[in-house]
Amino acid sequence: MRDDAADSRFLAHLDFRELCREWRPRAAAYCRVFRGLSDQDREDVVGEALARAWAARDRFDPARPFAPWFLTIVRRAALDALARPGRRISPECVDDVPSPVPGAEEAAVRDSEADFVRRFVAALDPRDRELASLVYGQGLGLAEAARVAGMPEGTAKWRMHEVRKGLRKAWEEEYGG
């Protein structure tokens, strides 16, 4: 992850190919929280967001971190895509990501835990899923995540507290504490 100082200087020396190489994977990961977008829609959203960010690069304030600015653009592009009539509907709710682990027992435990987390995340309210993705998947602080998600910081803190509390309760029910 970039630190804030690196973020501030990020666009000053960057060309479009570097922007794509550096930020396409993070944008694609963030787009997974927007249910209802097909794989093709997500690719389109990422491309659109990269183009919008490049076109608006003169409006980026180098005194502020790059990640929240860019992820806000990604979010708006995703919401635009969801509102578009005639869009493709995704048949999947959560991507299945295999995790290579040595040993059959460790692999079984890891797969079971990964499945538990996928089910938990899939059951979250869409706003909570988005917020958790920004905090845990994108590494943003709560204030930055709240700004990207368009909610007050206090609301984001409360929502994340409730997500953690729900995860702890579900874990205890599933695995006995």
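Quick caveat, the model's predicted, so the values are computed rather than measured.

### Re the overall build of the protein chain
The secondary structure content of the protein chain amounts to 8 helices and 0 strands. Listed N to C, the secondary structure of the protein chain is α-α-α-α-α-α-α-α in terms of helices and strands. Sorting the 177 residues of the protein chain into buried and exposed places 38% on the buried side. Expressed as a percentage of contacts within the protein chain between residues at least 6 apart in sequence, the contacts between residues at least 24 apart total 69%. When the accessible area of the protein chain is evaluated, it comes to approximately 10300 Å², of which 53% is carbon and sulfur surface.

### Brief notes about the pattern of salt bridges
Using the criterion set out here, one finds 12 salt bridges in the structure. Residue E130 pairs with R75 through a salt bridge whose shortest N-O separation is 2.5 Å. Here R75 lies in helix α4 (residues 66-83) and E130 lies in helix α6 (residues 126-137), a separation of 55 residues in the sequence. Comparing E130 with R75 shows no difference in burial state: the two are buried. The residue K169 makes a salt bridge to E173 at a minimum N-O spacing of 3.7 Å. Of this pair, K169 and E173 both sit in helix α8 (residues 153-175), 4 residues apart, which is roughly one turn of the helix.

### Quick word on the layout of surface pockets
Size it by volume and the second largest pocket reaches roughly 170 Å³. Lining the second largest pocket are F60, D61, R64, P65, P68, W69, T72, I73, R76 and R147. Class assignment of the residues belonging to the lining of the second largest pocket gives a composition of 5 nonpolar, 1 polar and 4 charged.

### Quick word on the side chain of E130
Relative accessible area serves as the criterion here: at 4%, E130 is assigned to the buried category. With near-sequence residues (within four places) excluded, E130 lies in contact with Y30, V33, F34, R75 and A149.

### Things to note about the nonpolar core
Ranked by internal contacts, the top residues of the largest apolar core, which has 39 residues, are Y30, W69, F70, L71, V74 and L134. Residue assignment for this core shows that the elements contributing at least two residues are α2 (16-31), α3 (39-55), α4, α6, α7 (142-149) and α8. In terms of residue count, the dominant contributor to this core is α4 (10 residues). Setting aside anything within four residues of it in sequence, one finds F70 in contact with W23, A27, A49, L50 and A53. With 5 residues, the next largest nonpolar core counts F116, L124, V163 and A170 among its residues.

### Thoughts on α8
Here α8 is 23 residues long and its end C-alpha atoms lie 32 Å apart, about the 33 Å a rise of 1.5 Å per residue gives. Residues of α8 that are buried include every one of A156, R159, M160, V163 and A170, and no others.

Cut-offs applied
- Residues numbered from 1 in each chain as written.
- Predicted model: local features only at pLDDT ≥ 70, side-chain atom pairs only at ≥ 80, totals over all residues.
- Heavy atoms only, no water.
- Helix = DSSP H or I, 4+ residues; strand = E, 2+ residues; numbered from the N terminus.
- Buried < 20%, exposed > 50% of the residue type's maximum accessible area, 1.4 Å probe, protein only.
- Contact = heavy atoms within 4.5 Å.
- Areas by Shrake-Rupley, 256 points an atom, 1.4 Å probe, with all protein chains shown as cover.
- Salt bridge = Lys/Arg side-chain N within 4 Å of Asp/Glu carboxyl O.
- 1 Å grid on protein atoms, 1.4 Å probe; cavity = no way out; pocket = protein on both sides within 12 Å on 5 of 7 lines; lining within 4 Å.
- Points joined across faces, edges and corners; volume = space filled by probe spheres on them.
- Nonpolar A, V, L, I, M, F, W, Y, C, P; charged D, E, K, R; others polar.
- Core = buried A, V, L, I, M, F, W, Y, C linked by side-chain atoms within 4.5 Å.
- Expected span 1.5 Å × (residues − 1).

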